[in-house]
Number of protein chains: 2
Amino acid sequence: MNSESIGLGPAISFITLGVTDLAKSRIFYESMGLEAHPRSNSYVVFFDVGGQVFALFPRESLAEDAGSVPGSTETTITMSLAQNVASEADVGRLLQRAVNAGGTLLREPSAPPWGGIRGYFADPDGFAWEVAWNPGVAIGADGRVAIRNET
Amino acid sequence: MNSESIGLGPAISFITLGVTDLAKSRIFYESMGLEAHPRSNSYVVFFDVGGQVFALFPRESLAEDAGSVPGSTETTITMSLAQNVASEADVGRLLQRAVNAGGTLLREPSAPPWGGIRGYFADPDGFAWEVAWNPGVAIGADGRVAIRNET
């Protein structure tokens, strides 16, 4: 299977905002009518928005996860979009496709503390995309995702 | 109806990236497997990603639309999320709710050149949310949206 066989879509899996005060931002979005997923905790907050996850993550955590250096000028990532894929191998394939298309590799596929495999690329403007294979996230045939409940 | 009756969700309607070169970014995302909606043009590019619109908009256009000053330091908006609502009156209601929750009003409800009514608020970190009533965008019962074809 070559890298062209896996692309973005059919749905964007996660939108993650890097926030300066996680508790405050959680309260703000709850006040706006969103309900935090039970797996939210003091490190990350998830909202299910129609088969997509809207996530709040401390700004430093997001920047580190995306492979950039917190506090540095140009490279700090404050927001990311994510495409979850069905297999570990697809992570590398989709990152390769992004590089072939003119994107920039931010992080090679590797294992985050919460499981699975993820890497990051940047689009031509530096917007960060995470490509993730995560056993804790179910992906439907329509591309919509759901955070699995703790087992 | 008070402002608490309209909230965010059940789905985020648009994710818009403010890009420096619209044609280049369009080619990048098409190379990644996304197909531009027929209503895309030289001013804006739309991709349907599972009942959500992923949009590319020139950075200056997005900043101006969100009510910020292009080229200024802190206030330039480079990305926005949008919640489309079912009525013109709901735009003001949802913006008021955001202000009540501690958000910042960026733009009062007003009419953009492409029709409808929209305003913007910023969340506690300054992330911009557009609240839009747009007759050109259909909203399903599940909150998912579709750009209507030209009539």
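Since the structure is predicted, the reported quantities are computational estimates derived from the model, not experimental observations. (Residues numbered from 1 in each chain as written. Chains lettered and ligands numbered in written order. Predicted model: local features only at pLDDT ≥ 70, side-chain atom pairs only at ≥ 80, totals over all residues. Heavy atoms only, no water.)

## Structural notes on the packing of aromatic side chains
Thinking step 1. Under the definition given, this model contains 20 aromatic pairs over all chains.
Thinking step 2. Their ring planes at 50° and their centres at 6.0 Å tell us that A:Tyr29 and B:Trp129 sit as a pair that is tilted. You can see A:Tyr29 sitting in helix 1 (residues 22–31) and its partner B:Trp129 sitting in strand 7 (residues 128–133), one on each of two chains. The pair formed by A:Tyr29 and B:Trp129 is uniform in burial state, with each residue classed as buried.
Thinking step 3. On the numbers, 6.4 Å between centres and 55° between planes, the contact of B:Tyr29 with B:Phe47 is tilted. Remark: B:Phe47 occurs in strand 2 (residues 45–48) and B:Tyr29 occurs in helix 1 (residues 22–31); sequence separation between them is 18 residues.
Thinking step 4. On the basis of relative accessible area, B:Tyr29 is assigned to the buried category, the value being 0%.
Thinking step 5. Here the aromatic residues A:Phe28, A:Tyr29, A:Phe47, A:Phe54, B:Phe121 and B:Trp129 are joined through ring pairs into a cluster of three or more. (Phe/Tyr/Trp six-rings, centres within 6.5 Å; stacked < 30°, edge-to-face > 60°. Helix = DSSP H or I, 4+ residues; strand = E, 2+ residues; numbered from the N terminus. Buried < 20%, exposed > 50% of the residue type's maximum accessible area, 1.4 Å probe, protein only.)

## Some thoughts on the interface of chain A and chain B
Thinking step 1. The interface of chain A with chain B comprises 44 residues on the first partner and 44 residues on the second.
Thinking step 2. Carbon and sulfur atoms supply 64% of the area buried between chain A and chain B, which totals about 3300 Å² over both sides.
Thinking step 3. Taken together, the connections running from chain A to chain B amount to zero salt bridges.
Thinking step 4. Linking chain A with chain B are 17 residue pairs in polar contact (both at pLDDT 80 or more), by the criterion used here.
Thinking step 5. Among the secondary structure elements, those contributing two or more residues to the side of chain A that touches chain B are strand 1 (14–19), helix 1, strand 4 (79–84) and helix 3 (88–100) of chain A.
Thinking step 6. Counting residues per element, the side of chain A that touches chain B draws most heavily on helix 1 of chain A, which supplies six residues.
Thinking step 7. Its residues placed into classes, the side of chain A that touches chain B shows 22 nonpolar, 13 polar and nine charged. (Contact = heavy atoms within 4.5 Å. Buried area = accessible area lost by both parts, 1.4 Å probe. Salt bridge = Lys/Arg side-chain N within 4 Å of Asp/Glu carboxyl O. Polar contact = N/O pair within 3.5 Å; in protein donor to acceptor, adjacent residues only side chain to side chain. Nonpolar A, V, L, I, M, F, W, Y, C, P; charged D, E, K, R; others polar.)

These figures capture arrangement, not role.
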